[in-house]
Amino acid sequence: MLFNSLNFAIFLPIVFILYWFVTAKNLKLQNILLLVSSYFFYACWDWRFLFLLIFSTVLDYYTGIKMSDAKNQNNKKFWFWLSITINLGFLGVFKYYNFFAASFADAIANFGLQVNPWTLKVILPVGISFYTFHGLSYVIDIYKDRIKAEKNFIDYSVFVSFFPLLVAGPIERATHLLPQIQKKRTFNYTKAVDGLRQILWGLFKKIVIADNCAEFANMIFDNHTEYSGSTLLLGAVFFSFQIYGDFSGYSDIALGTARLFGIDLLRNFAFPYFSRDIAEFWRRWHISLSSWFRDYLYIPLGGSKGGTWPKVRNTFIIFLVSGFWHGANWTFIAWGLLNALYIMPSIIFNTNRNNMDIVARGKYLPSVKEIFQIGLTFGLTVLAWIFFRADSLPQAFEIITKISSKSTLAIPEFRGLYKALVTLILTIFFIILEWIGRENDFAIQKFGFKWKRSFRWVFYLVIVFFIFYFAGKEQVFIYFNF
Amino acid sequence: MKKFSKEISVFLFIIATIVVVDVFLQKTLLFKDENVKLPKDYSVLILGHSHPANAYDTNFIKNTINMGTAGEAYMYTYYKAKKVIDNNPQIKNIYVEFTNNQIDKGMDNWIWDDIHLQYRIKDCGVLLDYEAIQLLYEKNPTGFINAFSKSLFDNLRRLFINKKGMVERGAMGKFIPCDAVYVKKTSPDRPKSRKIINYDLEISEYNILYLQKIVKYCQNKDIEVCLIRSPMHKSYDVSYTEYKFKEILRTKFKNIQWLDNKDFPIPDKGFQDSEHLNSYGAKIYSQYFNKQIN
């Protein structure tokens, strides 16, 4: 079930009504409702993989309790590694097995040997990377004695499977979400209205920006040999807004939906395209994943302790792993590596925390220096997205070679220029709104708060009109593939 | 919660009201009965897709309205025709273009793919009944919702234009003159639809079903209905569909008059491509057709 489908538009009000009008007085019932709804939501995609989700939940719940009850460190270690191995094992089989098998065959072929790798004909269970990471953070936190094991199976299951975050995050932490699930929730008008606003803005990002940009990004990338450098560059820019609109739009809908149920999820995006350097970009892009890697990989590896070189090594490791997390393809690894290279100067010269606050806080416009910094950071990001979007490394290099040629000075030419122009205008409108609202959690959170309510409602109706009128051809959320 | 429920209800009510009022205005102002009335002497209707739109020059055919529209599936033709027939009891004869490509499974795309929906819903979306809406929603929900919302706004402009006599002025389909001349190729042409069809000739049940509905509706209204195939260039290869095409004619339209003008002699310079006549060809053919029916 997609967030931007009519099915979800029916599903959400039903669950909302049952949640606040039928089960509101009983927390246990409320959590059971959330769990059943979440499993139904997931089963709408493919009910067979529901068993995998339940198995993963039971595994982490059980090993969590066993770790808590362990009488000695060895016993605790056993349950910890059992959980880690099985979790990563599932991820490895479903997500990476074919990649490793094919890569192994290619490597062997370099020595003149032919092998036919046994590949699995399975589809990637949607959300496996996300719920596995939920489970991993939970068992690691128990192992490190940061939290106690959750004894209530329903509560723990809701933490893993809560439908707004189930298939594409944000990647939650037990320390943040579990206490909210265990606590009685009361309806909060401000929070619920805020949630609706965030859903509306998420739908705009996904349906108007991402889906329209996708049409051109797909056309240009899929036929890259036919286009000039300027067109390919434009295609890369379209993809940059597609992936931002798509993923941050999804996250907004997820966060807004959760707010309707009185639950706050972790923020996932904070206007990343207004970043002044790559380090800031990574503090603002897919925040829940970046912080996951920071807490569960970077810091255990030593983090920034021990001088420059361990820091450089650890940074390379988290970016490579982050790239690989996105998918079993060398293009993602190259994307991660490129971002590691981008961030390296600031790591070496200790300037990675130079831009901690949002750009031009309290001002209408950024300074010339900030405009230059934002432009440069965006340009570097666009270049990196070429690797992310390309089907293969040779394709990415072909595109970059063309973009580096004289043909980049030519006027872009492709089918559907008029629609592309409309998409660009919509994107500019979107950037302006994002700029205006950059000091909030999401762009329209406080937009028009000083206006009369009727004017504010007209603004929301205009957004609704844009969503219906300028809807692009429906595309599956990109992060469903991860 | 009370305040929240109230505000949500009001907001949704406003949206619903905008939609309902818009549809109502389209139904009552744009497609009001008076607008689709024809002068009393018009008694012949020509229906179908781009072939009739290019082939029947009504300047040479007496008392005839050409409602041919490029890319129009029979489902939309059916609802348009119903509206016009209901308001014009003087119509006695209807000619529906039936060509080989219309049996192909690919015609389903003409009913519900994104691009066709955009045009068709805008042109005649408010004429559709529940059954048609259900079909479109089932086959392409997002495409339908998107096309429907677009039509709501696009047609607002049309509401303020005088639509009286919209049928005779061609707002529901018309003769489209074309001056391009077909450059004959050495190898036989393939029909365009071949790109999207299955070679084992899967049939578009929906397209045929709605053609049957047109026929039945006309019969119920005592209108003489005739299926017709307008001229095609000799390089246009129908051989691989002809058998099935004729079988459908025999089985599903067995008592219906069939007028096959496919091989009517039109010189090469009378075609704009292998399937469609140009203005020159249309003039020759329309003069002939006029004699044929009168």
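You'll find the structure just up there.
Residues numbered from 1 in each chain as written. Chains lettered and ligands numbered in written order. Predicted model: local features only at pLDDT ≥ 70, side-chain atom pairs only at ≥ 80, totals over all residues. Heavy atoms only, no water.

**Q** Account for the overall build of chain A, with residues named and values stated.
**A** On a plain count of helices and strands, chain A comes out with 18 helices and zero strands. Against the 2.2 N^0.38 benchmark of 23 Å for 482 residues, chain A shows a C-alpha radius of gyration of 23 Å, consistent with a compact globule. When its C-alpha atoms are laid out on the principal axes, chain A stretches across 70 × 70 × 45 Å. A buried classification covers 57% of the 482 residues belonging to chain A. Relative to all contacts within chain A whose residues are 6 or more apart in sequence, the contacts with residues 24 or more apart total 77%. Total accessible area computed for chain A in this model is approximately 21,600 Å², and 66% of it derives from carbon and sulfur atoms. (Helix = DSSP H or I, 4+ residues; strand = E, 2+ residues; numbered from the N terminus. Rg over C-alpha atoms; globule rule 2.2 N^0.38 Å. Buried < 20%, exposed > 50% of the residue type's maximum accessible area, 1.4 Å probe, protein only. Contact = heavy atoms within 4.5 Å. Areas by Shrake-Rupley, 256 points an atom, 1.4 Å probe, with all protein chains shown as cover.)

**Q** Could you give an account of the packing of aromatic side chains, naming the residues involved and the relevant values?
**A** Two descriptors summarise a pair of aromatic rings, namely the distance from one centre to the other and the angle between the planes of the rings. Following the criterion strictly, the structure yields 104 aromatic pairs over all chains and no others. Over the aromatic face of Y469 of chain A sits the side chain of K150 of chain B, whose NZ or CZ is 5.6 Å from the ring centroid. (Phe/Tyr/Trp six-rings, centres within 6.5 Å; stacked < 30°, edge-to-face > 60°. Lys NZ or Arg CZ within 6 Å of the ring centre and 35° of its normal.)

**Q** Provide a residue-level description of the packing of helix α2 (residues 27–46) of chain A against helix α6 (residues 153–161) of chain A, including the pertinent values.
**A** Residues and elements named next belong to chain A. Between α2 and α6, whose axes approach to 9 Å, the crossing angle comes to 40°. By the angle between their directions, the pair α2 and α6 is classed as oblique. Once α2 is placed against α6, the crossing between them reads as left-handed. Here α2 contributes N31, I32, L34, L35, S38 and Y39 to the contact with α6, which in turn contributes I154, D155, S157, V158 and S161. (Axes fitted to C-alpha atoms, helices over the stretch in contact; angles between N-to-C directions. Parallel < 35°, antiparallel > 145°, perpendicular 65-115°, else oblique. Left-handed = near helix turned anticlockwise from the far one by under 90°.)

**Q** Explain the pairing of strand β5 (residues 257–260) of chain B to me, and be specific about the residues and the numbers.
**A** Residue and element names in this part refer to chain B. Bridge analysis of strand β4 (residues 224–229) against β5 gives four bridges, and the strand direction is parallel. Residue R229 lies in a different strand from β5, and its bridge partner there is D260. As for the winding sense of the linkage, the β-α-β connection from β4 through helix α9 (residues 239–252) to β5 is right-handed. (Pairing = 2+ DSSP bridges. Right-handed = clockwise from strand over helix to strand, strands pointing away.)

**Q** Any details on the sheet that holds β5 of chain B? Residues and values, ideally.
**A** Residues and elements named next belong to chain B. Spatially, β2-β1-β3-β4-β5 is the arrangement adopted by the five strands of the open sheet, whose pairing is parallel. On the outer flanks of this sheet lie β2 (64–66) and β5, each paired with one strand and no other. Averaged over all pairs of adjacent strands, the angle between strand axes in this sheet comes to 20°, irrespective of strand direction. As judged from the five bridges shared by strand β3 (residues 93–97) and β4, these two strands associate in the parallel manner.

**Q** Tell me what's going on with the interface of chain A and chain B, and back it up with residues and numbers.
**A** With 21 residues of chain A in contact, the opposing surface of chain B contributes 19 residues. Between chain A and chain B the total buried area reaches about 1,900 Å² when both faces are included, carbon and sulfur atoms providing 74% of it. When the area that chain A buries against chain B is broken down by residue, the three leading residues are Y189, W457 and Y469 of chain A, summing to 33%. At the boundary of chain A and chain B, one finds one salt bridge. Between R453 of chain A and E7 of chain B there is a salt bridge, with the nearest N and O atoms lying 2.5 Å from each other. (Buried area = accessible area lost by both parts, 1.4 Å probe. Salt bridge = Lys/Arg side-chain N within 4 Å of Asp/Glu carboxyl O.)

**Q** Kindly report on the state of the cysteines, identifying the contributing residues and their values.
**A** Following the criterion strictly, the structure yields zero disulfides over all chains and no others. Looking at the unpaired C218 of chain B, the closest cysteine sulfur is the one in C226 of chain B, lying at 11 Å. (Disulfide = S-S within 2.5 Å.)

**Q** Can you lay out the environment of H116 of chain B for me, pointing to particular residues and giving the numbers?
**A** Locating H116 of chain B in the fold gives a position in helix α5 (residues 114–124). When residues no more than four places from it in sequence are discounted, the contact partners of H116 of chain B are G71, N109 and W110 of chain B.

**Q** Requested: an account of the environment of P300 of chain A, with residues and values cited.
**A** The topology assignment puts P300 of chain A in the loop between α12 (287–298) and α13 (308–326). Taking C-alpha positions, P300 of chain A is 9.7 Å from N314 of chain A, a pair spaced 14 residues apart along the chain.

**Q** With reference to specific residues and values, describe the side chain of T77 of chain B.
**A** Residues and elements named next belong to chain B. Within the fold, T77 resides in helix α3 (residues 74–87). Residue T77 is classed as buried on the basis of its relative accessible area, which comes to 1%. Ignoring any residue separated from it by four or fewer positions in sequence, one finds T77 in contact with L47, G48, E72 and I214.

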